[in-house]
Amino acid sequence: MLFGRNQKKPITLPEKKVEEWVYTTCGYCSTGCAIEVGVDSEGRGITARGVADADVNRGKLCIKGIFEYELFNTPGRGTAPLMRERRFDDFKEASWDDALDKTAAEFKRIQEKYGPDSVAIVSTGQLITEEFYTLGKLARGCIGTNNYDGNTTLCMASAVSGYKRSFGSDGPPGCYDDFSHTDCLIAFGSNLPEQHPVIYWRMREAREKRNFPLIVVDPRVTMLAQFADIHLAITPGTDVVLLNALAHVILAEGLEDRAYIETSTSGFAEFEALVAQYDPVTAAKICGIDEDTIRNVARLYAKANQAMSIWTMGINQSTHGSDGVVGINSLNLITGNIGKPGGTSLSITGQCNAMGTREWSSCSGLPGYRVLENPEHRQEVADFWGIDPEFFPKQRGMAQTDIFPAIETGQIKALWLVATNPMTSMPNTARIRKTLERLEFMVVQDAYADVESNEYAHVYLPAGLWAEKEGVMTNTERRVNLIKNVCPPPGEAKADLWIFNQLAKRFDNGKLINFPESASDVFDEMRELSKGRFLDISGMSHEKIEQSRGLQWPMGETAEEDSARLYSDGKFNHADGKAKLIPLPYIENNECPDDDYPFWLNSGRVVEHFHTRTRTGKVGNQNKFSPTPYMEMNPDAARELGIEHMSYARLTSRRGDAVVLVQLTQRVPYNMVFVPFHFHECVNRVSLGLLDPHSRQPAFKQSAVRIESVEQQAAAAVTNRAARSF
Ligand SMILES: Nc1nc2c(c(=O)[nH]1)N[C@H]1C(S)=C(S)[C@@H](COP(=O)(O)OP(=O)(O)OC[C@H]3O[C@@H](n4cnc5c(=O)[nH]c(N)nc54)[C@H](O)[C@@H]3O)O[C@H]1N2
Ligand SMILES: Nc1nc2c(c(=O)[nH]1)N[C@H]1C(S)=C(S)[C@@H](COP(=O)(O)OP(=O)(O)OC[C@H]3O[C@@H](n4cnc5c(=O)[nH]c(N)nc54)[C@H](O)[C@@H]3O)O[C@H]1N2
Ligand code: SF4
Ligand SMILES: [Mo]
């Protein structure tokens with residue numbers, strides 16, 4: 001018998017008749033890979049490939065991007081507007097006019113009865129930027145509610161808040177090219193190989209060439225941690241303590257960049273006084289990293305010619321999320337590692353266009369990083385749109401995580417969800433259910449009619465997704481890239497831009513404000529509004545963006561090139577031009593394990609699925625690899641509880657319970673379990689989600705549970721329901 005090579009047949013790809021390749025950008029994660037979709041003679045997307053000369057991905061795609069074109073034909077899509085009088089009645093198909101008339105009429109009725117802010121809008125990080133800008137016009141300029149925010153509060157709010165506190169503005173200062181220049185990298189709470197596979201590939205390639213040390217801070221042994229030189233298995237929620245201790249060692253040993261601190265930062269004295277209290281011995285007791293390792297890492301980082309930090313949800317989703325970001329920024333400020341090749345504080349963004357919503361949606365302010373609190377900003381935008389500035393609120397309204405409690409207390413009576421699925425993604429599902437039942441009126445605007453939150457809607461508006469539409473998105477490294485239209489949305493479904501424009505016509509100010517129909521006309525407005533601002537995009541156009549395979553802001557009108565980095569001149573956006581070093585006292589305020597609930601509950605993601613699986617749950621090549629809700633559990637802990645590998649277990653918290661399949665692995669420590677959050681009626685039935693005081697982001701990664709084994713058959717019934725086989 002022959003083994004090995006001789007026996008292998010060459011791989012053959014099924015012949016596909018591609019007539020045209022259409023340029024797009026991936027609509028899943030924020031890496032921002034450029035994709036070409038192969039379209040056949042009937043205009044159907046039939047295959048895809050990475051764009052070879054796109055700097056971001058250089059021809060690579062991950063498993064989600066490769067099969068994204070299959071979404072055009074997935075079950076569960078909304079193909080007509082739906083309406084019902086009473087919640088839980090059967091939905092009936094409706095015309096667009098009826099659905100939009102009803103929506104506008106109900107918003108107006110409720111606003112008249114309970115005040116303008118009684119209607120809330122919760123949007124997303126997954127629309128196209130031109131759509132975000134248009135939704136902002138509609139929400140701020142026409143509907144006039146102040147309670148308008150996005151699911152980015154679940155995701156990037158801590159990064160935004162931390163950037164603003166340290167540097168005076170949002171906007172990640174670095175780029176992927178920094179991996180090619182760095183001499184040391186720390187990754188905090190970020191599982192790049194699974195969550196940003198192509199950024200990971202860029203990092204790994206750079207590391208193979210230059211062999212810089214990789215330090216991973218994560219309570220789990222993630223795939224990234226497996227490849228690290230040093231893995232710091234931190235006690236959950238205590239990164240701030242580690243960061244204070246690293247700064248302590250750097251200052252105590254004189255390893256800081258004095259010149260940079262003097263010219264480019266303020267607040268050093270207070271910062272130094274605070275970190276003096278966090279010597280490695282004291283810190284080790286709280287954060288669980290031994291004192292010598294803390295010292296070694298501090299020296300390695302500070303002595304590197306240039307060092308960089310990246311982070312994702314392990315930092316942001318904590319009651320100390322914003323402080324964690326500030327701590328990372330301060331580490332880079334005291335070592336002079338901002339705005340230089342290989343030296344940066346780079347938050348790895350989550351959703352494909354979480355950056356676009358921060359820049360242009362007006363969610364927490366006004367477009368182009370303008371704020372409601374600034375009268376000049378209100379005037380500029382009102383003049384540009386042609387409305388009275390008094391129409392705008394004078395300060396920011398509620399964050400997404402405050403909107404839901406305000407529904408509970410009756411302050412908010414109507415809710416419009418745009419491309420977000422809180423029934424699965426918010427903590428404490430039972431509470432969210434009760435909350436949504438209190439609404440007088442709810443609208444869901446989603447690409448999928450079978451999205452769980454739609455159970456509670458009175459009106460459902462079917463939307464196009466990804467390349468069924470057209471426009472730009474901004475990725476983690478501030479790169480604005482283009483999605484071109486591949487095919488129309490299915491049935492009667494419409495692009496979100498069209499839906500916003502039609503709804504605007506039903507409000508008084510919608511007659512004053514111009515709502516262009518094409519994405520490139522909307523882009524022209526954004527370009528105009530961006531002139532001279534930090535996020536200037538006036539030197540870009542859809543054509544230039546496609547030609548360059550994406551351009552990084554700022555790029556002013558006369559600029560010849562885009563900008564790889566921010567703050568390279570050492571000037572920041574606080575009034576004095578300096579970055580702030582902010583002291584961060586640590587107070588333990590999470591729900592920690594105790595005798596009744598002895599395990600940390602950690603949650604996150606797997607590579608195959610995206611969020612609440614409305615999309616990836618229906619793509620064969622994703623769902624088949626990760627079909628069931630499961631839990632990573634340490635074998636030693638399991639043995640003591642009599643729980644076996646591949647058996648079922650019940651997780652119980654103070655909120656509720658969930659049943660999961662047990663995967664025994666040393667990936668998690670003895671007192672922790674990890675559950676992917678992709679499945680409905682699973683981990684978010686038990687999670688708590690205490691809020692960060694600055695960013696209002698929930699601590700999805702820290703709460704406490706107890707665990708017991710469950711009889712096999714009873715469990716299978718529960719998990720099958722959660723896995724919803726499509
Ligand atoms: N395949 C896939 N990719 C995605 C997504 C997806 O759903 N699927 N979603 C996208 C989005 S929106 C986001 S926000 C990103 C998220 O990307 P990541 O943040 O990389 O992913 P998570 O799995 O949520 O969490 C990362 C790690 O945080 C660790 N962690 C938990 N607690 C702590 C702590 O106290 N300190 C530290 N240092 N670490 C901790 C967890 O153990 C986990 O390994 O992924 C994006 N990419
Ligand atoms: N326990 C736990 N919970 C978490 C997290 C965690 O780590 N642990 N992570 C949190 C994070 S970081 C995030 S970002 C959130 C994500 O939470 P969600 O935003 O609620 O989850 P998604 O499934 O991404 O929801 C997006 C919806 O938009 C729809 N959609 C996609 N494209 C379009 C479009 O172009 N137009 C319209 N109208 N609809 C579209 C999709 O079908 C889907 O229903 O979850 C959070 N929840
Ligand atoms: S890494 Fe992110 S952007 Fe790139 S193909 Fe995968 S999901 Fe899409
Ligand atoms: Mo996210």
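Reading the values: rules and limits
- Residues numbered from 1 in each chain as written.
- Chains lettered and ligands numbered in written order.
- Predicted model: local features only at pLDDT ≥ 70, side-chain atom pairs only at ≥ 80, totals over all residues.
- Heavy atoms only, no water.
- Helix = DSSP H or I, 4+ residues; strand = E, 2+ residues; numbered from the N terminus.
- Rg over C-alpha atoms; globule rule 2.2 N^0.38 Å.
- Contact = heavy atoms within 4.5 Å.
- Near = heavy atom within 4 Å.
- Nonpolar A, V, L, I, M, F, W, Y, C, P; charged D, E, K, R; others polar.
- Buried < 20%, exposed > 50% of the residue type's maximum accessible area, 1.4 Å probe, protein only.
- Pairing = 2+ DSSP bridges.
- Axes fitted to C-alpha atoms, helices over the stretch in contact; angles between N-to-C directions.
- Polar contact = N/O pair within 3.5 Å; in protein donor to acceptor, adjacent residues only side chain to side chain.
- Salt bridge = Lys/Arg side-chain N within 4 Å of Asp/Glu carboxyl O.
- Core = buried A, V, L, I, M, F, W, Y, C linked by side-chain atoms within 4.5 Å.
- Parallel < 35°, antiparallel > 145°, perpendicular 65-115°, else oblique.
- Left-handed = near helix turned anticlockwise from the far one by under 90°.
- Areas by Shrake-Rupley, 256 points an atom, 1.4 Å probe, with all protein chains shown as cover.
- Expected span 1.5 Å × (residues − 1).
- Domains from an automatic or database assignment.
- Buried area = accessible area lost by both parts, 1.4 Å probe.

**Focus on the overall build of the chain**
What the chain contains, in helices and strands, is 26 helices and 26 strands. Scaling as 2.2 N^0.38, a compact globule of 726 residues should have a C-alpha radius of gyration of about 27 Å, and the chain matches this with 25 Å. Seen along its three principal axes, the alpha-carbon backbone of the chain occupies a region of about 70 × 65 × 65 Å. A sequence separation of at least 24 residues applies to 73% of the contacts in the chain between residues at least 6 apart.

**Some details on the site of ligand 3**
Looking at ligand 3, the residues that line it are Cys26, Tyr28, Cys29, Thr31, Gly32, Cys33, Leu61, Cys62, Lys64, Gly65, Pro197 and Val198. Mapped onto the shell around ligand 3, the elements with two or more residues apiece are helix H1 (63–66) and helix H6 (197–210). Tallied by class, residues from the shell around ligand 3 come to eight nonpolar, three polar and one charged.

**Structural notes on the environment of Val451**
Considering the arrangement of structural elements, one finds Val451 in the loop between strand S15 (441–446) and strand S16 (459–462). Taking the relative accessible area as the measure of exposure, Val451 reaches 2% and is therefore buried. Placed 245 residues apart in sequence, Val451 and Arg696 show a C-alpha to C-alpha distance of 25 Å. Non-local contacts of Val451, meaning those with residues more than four positions away in its chain, are made with Asn421, Val444, Asp446 and Thr614.

**Some remarks on the sheet that holds strand S26 (residues 703–710)**
Through backbone hydrogen bonds, the strands of a sheet pair up, either in parallel or in antiparallel fashion. Read around the closed barrel, the six strands follow the order S21-S25-S22-S24-S23-S26; overall the barrel is mixed. Pairwise comparison of adjacent strand axes, ignoring direction, gives a mean angle of 45° for this sheet. With five bridges joining them, strand S23 (residues 648–652) and strand S24 (residues 657–664) adopt antiparallel strand pairing. Residue pairing in the sheet places Leu651 in a bridge with Ala658 of S24.

**Overview of the side chain of Asn454**
With respect to the helices and strands, the residue Asn454 is situated in the loop between S15 and S16. On the basis of relative accessible area, Asn454 is assigned to the buried category, the value being 3%. Reaching out from Asn454, the side chain makes a polar contact with the backbone oxygen of Ala449 at a distance of 3.0 Å. Aside from chain neighbours lying at most four places away, what touches Asn454 is Arg84, Phe91, Val444, Ala449 and Tyr460.

**Notes on the pattern of salt bridges**
This structure, assessed with the given rule, holds 51 salt bridges. Between Glu208 and Arg204 there is a salt bridge, and its shortest N-O distance comes to 3.9 Å. Taken together, the residues Glu208 and Arg204, both in helix H6 and four residues apart, mark about one turn of the helix. Between Arg295 and Glu291 there is a salt bridge, and its shortest N-O distance comes to 3.0 Å. Within this pair, Arg295 and its partner Glu291 are both found in helix H12 (residues 291–303), separated by four residues, close to a single helical turn. Glu291 sits in the partly exposed class, given a relative accessible area of 31%.

**Some thoughts on the nonpolar core**
Ranked by size, the top nonpolar core spans 123 residues in total, and within it Leu138, Leu242 and Trp416 carry the most contacts. Counting residues per element, this core draws most heavily on helix H8 (residues 239–252), which supplies 10 residues. Not counting chain neighbours up to four residues away, the residues in contact with Leu242 comprise Phe188, Val217, Leu232, Ile234, Cys287, Ile289 and Ile294. Residues Phe67, Tyr69, Ala467 and Val486 belong to the second largest nonpolar core, which totals 28 residues.

**Quick notes on the sheet that holds strand S17 (residues 471–474)**
The strand order across the open sheet built from three strands is S17-S18-S19, with neighbouring strands paired in antiparallel fashion. If you trace the sheet from one side to the other, it starts and ends with S17 and strand S19 (551–552), each paired once. Two strands pair when backbone bridges link them, and strand S18 (residues 479–483) and S19 are joined in this way by two bridges, in the antiparallel orientation. Among the inter-strand pairings, Arg479 is bridged to a residue of S19, identified as Gln552.

**With respect to the side chain of Glu256**
By the element assignment, Glu256 lies in the loop between H8 and helix H9 (258–264). Among the polar contacts listed, one links the side chain of Glu256 to the side chain of Arg258, at a separation of 2.9 Å. Beyond its immediate stretch of four places on either side in the chain, Glu256 contacts Ile250, Leu251, Ile261 and Ile334.

**Focus: helix H17 (residues 400–408)**
Within the sequence span of H17, burial applies to Gln400, Thr401, Ile403, Phe404, Ala406 and Ile407. Of the surrounding elements, those touching the buried residues of H17 are strand S6 (119–123), strand S7 (148–150), strand S14 (414–418), helix H18 (422–425) and helix H19 (429–437). Among the residues trailing H17, Gly410 stands out with phi positive, at a value near 90°.

**Looking at the packing of H8 against H12**
Between H8 and H12, the least distance of the axes is 9 Å, while the angle of their chain directions is 65°. By the criterion of interaxial angle, the relationship of H8 to H12 is roughly perpendicular. H8 and H12 meet at a crossing whose hand is right-handed. Between H8 and H12, the contacting residues are Leu242, Ala245, Leu246, Val249 and Ile250 on the first element and Ile294, Arg295, Val297, Ala298 and Ala302 on the second.

**Regarding the site of ligand 1**
Near ligand 1, the surroundings consist of 34 residues, among which Gln195, Asp218, Gly237, Arg605 and His609 are the closest. Between ligand 1 and the protein, one listed contact pairs a nitrogen atom with a backbone N or O atom of His609 at 2.6 Å. Protein chains bury 100% of the 920 Å² of accessible surface belonging to ligand 1 in isolation. Among the elements of the structure, helix H5 (192–195), helix H13 (313–316) and strand S21 (599–604) are those that each provide at least two residues to the shell around ligand 1.

**Thoughts on helix H14 (residues 321–334)**
Taking 1.5 Å per residue, 14 residues should reach 20 Å; H14 reaches 20 Å between its end C-alpha atoms and fits that length. Across the 14 residues that make up H14, a large majority, 14, are buried. Positive backbone phi, at 65°, marks Gly336, one or two positions downstream of H14.

**Focus: the domain arrangement of the chain**
Under the domain assignment used here, the chain contains domain 1 (20–73), domain 2 (82–155 + 352–372 + 380–486 + 494–552), domain 3 (173–347) and domain 4 (599–725). Of note, the centres of domain 2 and domain 4, computed from C-alpha atoms alone, are 31 Å apart. On the domain 4 side, the residues contacting the 21 residues of domain 2 number 24 residues. Between domain 2 and domain 4, a total of about 1,900 Å² is buried, with carbon and sulfur atoms accounting for 50% of that surface. It is Thr424, Pro427 and Glu452 that lose the most area in domain 2 upon contact with domain 4, and together they represent 25% of the buried surface on that side. Connecting domain 2 to domain 4 are three salt bridges. Asp450 serves as the salt-bridge partner of Lys618, at 3.0 Å between the closest nitrogen and oxygen.

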